Amino acid sequence: MQQAVISFEVPKVSLGPSIEASNGKSYRGTSDFYLSHSVPGNMFTGVMNIKSGQVDLFPLAPDRLDMIDTSWGQKAYSGPIHDGSQRLIEHPGQGGSGVVSHMQLVAKLADNNPDNYVGFTMLDVRSLRRSGAEWNIVNDAVSMLYGASRSLNSRHVKLIDEIPNNSDSNVEAFNHSKGSIGFHLPVEVKRHILTGIAEKLGSDHTWTAAIRSEMDREELSPNAYEIALAKKAAAISAPRLYI
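Residues numbered from 1 in each chain as written. Predicted model: local features only at pLDDT ≥ 70, side-chain atom pairs only at ≥ 80, totals over all residues. Heavy atoms only, no water.

A.B. asks: So what exactly am I meant to see when it comes to the overall build of the chain here?
C.D. replies: The number of helices and strands found in the chain is 7 helices and 9 strands. Counting all 243 residues of the chain, 49% fall into the buried class. Total accessible area on the chain is roughly 11600 Å²; 49% of this is exposed by carbon and sulfur atoms. (Helix = DSSP H or I, 4+ residues; strand = E, 2+ residues; numbered from the N terminus. Buried < 20%, exposed > 50% of the residue type's maximum accessible area, 1.4 Å probe, protein only. Areas by Shrake-Rupley, 256 points an atom, 1.4 Å probe, with all protein chains shown as cover.)

Laid out in structure tokens, this is it:
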């Protein structure tokens, strides 16, 4: 069973510069801005800068069906856009032409070097957790955070047969290993991003309790790899990450 190594030491999450809205309210970066305006069914493309830890989100058109095989109540984001563009990011779909969603988001940022980012997709599943039966959704069919990005994560995730014993860091393990390219973030990194966002948003934010509840879900369990293997699902083993 393969294991994952990553090319970076996981930074503490930050939400970036404040955003001053037209109504006079200040938001703690794009994550706070968009999650505050999100409604159930909205989708966001997201990235984390592996050097600074800054997490950024941007609304994603809901017709992104190449990674989600079921309908769960997706709907287009209709709230304000922080940069005035008034357009959602549209993903061309696997095998389609055009710039993929994560690269479109990186191009909007002050640090627009793709090498400095890992990517994910965040979904507003808050109502789904309460009424999933309405959509006939099995427990883990739809995640709050998908950690897949071929354009970004393939630069930083490697699948190997065995982690070197002489490695004292993620970077050393990555550099000392030969393996195949991976594009899914390990569970530990996904948990780190979500818990980091919740911590920065604060206990009074409408999303914080929902994010913390996600940590109890099977798919984000520290033992998720072993659970998936036991179910004969495609999985990689828990990597030794230095967070």
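From this point on, the discussion continues.
A.B. asks: For this particular structure, what's the right way to read the environment of Tyr117?
C.D. replies: Position of Tyr117 relative to the elements: it lies in strand β6 (residues 117–123). Along the sequence, Tyr117 and His102 sit 15 residues apart, while their C-alpha atoms lie 9.2 Å from each other. Polar contacts involving the side chain of Tyr117 include one to the main-chain carbonyl oxygen of Asp111, which spans 2.5 Å. (Polar contact = N/O pair within 3.5 Å; in protein donor to acceptor, adjacent residues only side chain to side chain.)

A.B. asks: Please explain the sheet that holds β6 as it appears in this structure.
C.D. replies: Sheet strands associate in pairs through backbone hydrogen bonding, adopting either a parallel or an antiparallel arrangement. Ordered by their spatial adjacency, 4 strands build an open sheet running β5-β4-β6-β7, and the pairing between neighbours is antiparallel. One side of each edge strand has no neighbouring strand; the edge strands of this open sheet are β5 (55–60) and β7 (145–146). Bridging between β6 and β7 involves 2 bridges; their strand directions are antiparallel. Among the inter-strand pairings, Met122 is bridged to a residue of β7, identified as Leu145. Here helix α1 (residues 29–37) sits on the sheet in contact with β4 (43–49), β5 and β6, set at roughly 35° to β5. (Pairing = 2+ DSSP bridges. Contact = heavy atoms within 4.5 Å. Axes fitted to C-alpha atoms, helices over the stretch in contact; angles between N-to-C directions.)

A.B. asks: When you look at the sheet that holds strand β1 (residues 3–6) in this model, what are you seeing that I'm missing?
C.D. replies: What the 3 strands build is an open sheet, ordered β1-β8-β9; its pairing is antiparallel. With partners counted over all chains shown, the strands left at the sheet margins are β1 and β9 (180–182), one partner each. Going from strand to strand, the sheet's axes swing by 40° on average, the running direction of each strand aside. Sheet topology note: the strand β8 (residues 157–160)/β9 ladder contains 3 bridges and is antiparallel. Looking at β9, one finds that Leu159 is bridged to Ser180.

A.B. asks: Honestly, the pattern of salt bridges in this entry has me stumped. Any pointers?
C.D. replies: Pairing between side chains of opposite charge can happen when their charged atoms approach one another. All told, the structure shown has 6 salt bridges when counted by the stated rule. Residue Asp115 is joined to Arg155 by a salt bridge in which the shortest nitrogen-to-oxygen separation is 2.6 Å. With a gap of 40 residues between them, Asp115 in the loop between α2 (101–108) and β6 and Arg155 in the loop between β7 and β8 connect regions that are remote in the sequence. Of the charged contacts, one joins Glu214 and Arg217 as a salt bridge, the two residues approaching to 3.6 Å between their closest N and O atoms. On the basis of relative accessibility, which here comes to 12%, the residue Arg217 falls in the buried class. (Salt bridge = Lys/Arg side-chain N within 4 Å of Asp/Glu carboxyl O.)

A.B. asks: Looking at this model, I keep getting lost on the side chain of Asn42. Mind explaining?
C.D. replies: Residue placement: Asn42 occurs in the loop between α1 and β4. Reaching out from Asn42, the side chain makes a polar contact with the backbone nitrogen of Val39 at a distance of 3.0 Å. Looking at Asn42, its side chain comes within polar contact range of the main-chain oxygen of Lys75, at 3.1 Å. Once you skip the residues sitting within four places of it in the chain, Asn42 turns out to touch Trp72, Lys75, Ala76, Tyr77, Met122, Leu123 and Asp124.

A.B. asks: Sorry, what's going on with the confidence of the model for the chain here?
C.D. replies: The predicted coordinates ought not to be read in detail in places where the model reports low pLDDT. Mean pLDDT over the chain: 85, with 80% of residues reaching 70 or higher. Per-element confidence in the chain is highest for α1, whose mean pLDDT is 98, and lowest for helix α7 (residues 224–230), whose mean pLDDT is 61. (pLDDT = per-residue confidence, 0-100.)

A.B. asks: Please explain the packing of aromatic side chains as it appears in this structure.
C.D. replies: Two numbers describe a pair of aromatic rings. These are the distance of the centres and the angle of the planes. For the coordinates displayed, the defined rule picks out 6 aromatic pairs. Ring centres of Tyr34 and Tyr77 lie 5.6 Å apart, and the angle between their planes is 75°; on these two criteria the pair is classed as edge-to-face. Of the two residues, Tyr34 sits in helix α1 while Tyr77 sits in the loop between β5 and α2, which places them 43 residues apart along the sequence. Of the residues examined, Tyr77 reaches a relative accessible area of 5% and is grouped as buried. A network of ring pairs unites the aromatic residues Tyr27, Phe33, Tyr34, Phe44, Phe58 and Tyr77 as a single cluster. The aromatic ring of Phe183 is capped on one face by Arg150, whose charged end is 4.2 Å from the ring centroid. (Phe/Tyr/Trp six-rings, centres within 6.5 Å; stacked < 30°, edge-to-face > 60°. Lys NZ or Arg CZ within 6 Å of the ring centre and 35° of its normal.)

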